[in-house]
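# A look at the structure
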Amino acid sequence: MPQPPQGPIAAGPIAPATPTFAAVRRRLRSVVLPAVLVPAVFLLAAAGCRSGERALRPRDLSRNEAAYVERVLVLERVRAALLVDAGRGLALGDSLAAAWGDSALPQTIALAPTDPSRAEQVHELLLRLLAAEHDSLLARDGRRPLDAPWPVPADSVSGAGFPSASRVRAGD
């Protein structure tokens, strides 16, 4: 069993001057991973609760709901960047973590709708947006700017219960 060091403690910085890959990954995991998991839980809950009401469009969202959807889409783009190019993805995730700060997860949760029926509608729209986002990420080899416009929501496949590629005109 290793023993704690004895004697005087050396002066100098405790952490290296530039963060290591592992340190950046730990920081990203502490900020980005929870921020991705919470919306995923909401999405799974919304996927099982479909209603016969008219589907929401992005212009139907309140300011808070739009900010919530925007954050989830940005996190999806960072995740895609991590999968395609780890260095670029880590840089994007690190700058995003610095910009959003440690309170990103509670702020994102606070932006989500609290009314169950409205949450269902917003998350159904988010599922359609994420399906279209996946299509556009595949078409661009996973490279999409974080501030790119929202994709056109994908149509739902009749009876499948999950969105497919969009057949809707841009701007709708």
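Residues numbered from 1 in each chain as written. Predicted model: local features only at pLDDT ≥ 70, side-chain atom pairs only at ≥ 80, totals over all residues. Heavy atoms only, no water.

### Topic: the overall build of the protein chain
- Secondary structure summary: the protein chain contains 5 helices and 0 strands in total.
- Traced from its N-terminal end to its C-terminal end, the protein chain shows the element sequence α-α-α-α-α.
- Looking at the protein chain as a whole, 34% of its 172 residues qualify as buried.
- Here the analysis covers contacts within the protein chain between residues at least 6 apart in sequence; of these, 74% occur between residues at least 24 apart. (Helix = DSSP H or I, 4+ residues; strand = E, 2+ residues; numbered from the N terminus. Buried < 20%, exposed > 50% of the residue type's maximum accessible area, 1.4 Å probe, protein only. Contact = heavy atoms within 4.5 Å.)

### A look at the confidence of the model for the protein chain
- Taken as a whole, the protein chain shows an average pLDDT of 73; of its residues, 58% reach a score of 70 or greater.
- Summarising per-element confidence for the protein chain, the mean pLDDT is lowest in helix α1 (residues 21-47) (60) and highest in helix α2 (residues 63-84) (90).
- Per-residue pLDDT stays below 50 along residues 157-161; that stretch engages in 3 contacts with residues further than four places along the chain or on separate chains.
- Residue range residues 163-172 is modelled with pLDDT below 50. Its contacts to residues more than four positions away, or to other chains, number 32 contacts. (pLDDT = per-residue confidence, 0-100.)

### Looking at the packing of α2 against helix α4 (residues 104-111)
- Relative orientation of the contacting elements α2 and α4 amounts to 135 degrees, with a least axis distance of 8 Å. Here α2 lies oblique to α4, going by the angle between them. Here the hand of the crossing between α2 and α4 comes out left-handed. Taken together, the residues of α4 that come into contact with α2 (itself represented by Asn 64, Glu 65, Ala 67, Tyr 68 and Arg 71) are Ala 104, Gln 107, Thr 108 and Leu 111.
- Of the residues in the contact of α2 with α4, the class split is 4 nonpolar, 3 polar and 2 charged. (Axes fitted to C-alpha atoms, helices over the stretch in contact; angles between N-to-C directions. Parallel < 35°, antiparallel > 145°, perpendicular 65-115°, else oblique. Left-handed = near helix turned anticlockwise from the far one by under 90°. Nonpolar A, V, L, I, M, F, W, Y, C, P; charged D, E, K, R; others polar.)

### Quick notes on the packing of α2 against helix α3 (residues 86-100)
- Where α2 contacts α3, the two axes come as close as 6 Å, and the packing angle between them is 150 degrees. Comparing the axis directions of α2 and α3 gives the class roughly antiparallel. Here α2 runs over α3; the crossing is left-handed. Contacts between α2 and α3 involve Arg 71, Val 74, Leu 75, Val 78, Ala 81, Leu 82 and Val 84 from the former and Ala 86, Arg 88, Gly 89, Leu 90, Leu 92, Gly 93, Leu 96 and Trp 100 from the latter.
- Looking at the contact of α2 with α3 residue by residue, the class counts come to 11 nonpolar, 2 polar and 2 charged.

### Comments concerning the pattern of salt bridges
- Taken as a whole, this structure holds 5 salt bridges when the rule is applied.
- One salt bridge in this structure joins Glu 65 and Arg 118, with 2.7 Å as the shortest N-O distance. Of this pair, Glu 65 sits in helix α2 while Arg 118 sits in helix α5 (residues 116-139), and the two are 53 residues apart along the sequence.
- Looking at Glu 65, the relative accessible area reads 7%, which means it is buried. (Salt bridge = Lys/Arg side-chain N within 4 Å of Asp/Glu carboxyl O.)

### What about α4?
- Within the sequence span of α4, burial applies to Ala 104, Thr 108 and Leu 111. Down the axis, α4 shows its buried residues gathered within 60 degrees of arc, on one side only.
- The inward-facing, buried residues of α4 contact α2 and α3. (Arc of directions from axis to C-beta.)

### Considerations on the nonpolar core
- If you look at the biggest cluster of nonpolar residues, it comprises 13 residues, and the most contacted ones within it are Leu 61, Tyr 68, Val 69, Val 122 and Leu 126.
- Not counting residues within four places of it along the chain, the set of residues in contact with Val 122 comprises Leu 56, Leu 61, Glu 65, Tyr 68, Val 69 and Pro 113. (Core = buried A, V, L, I, M, F, W, Y, C linked by side-chain atoms within 4.5 Å.)

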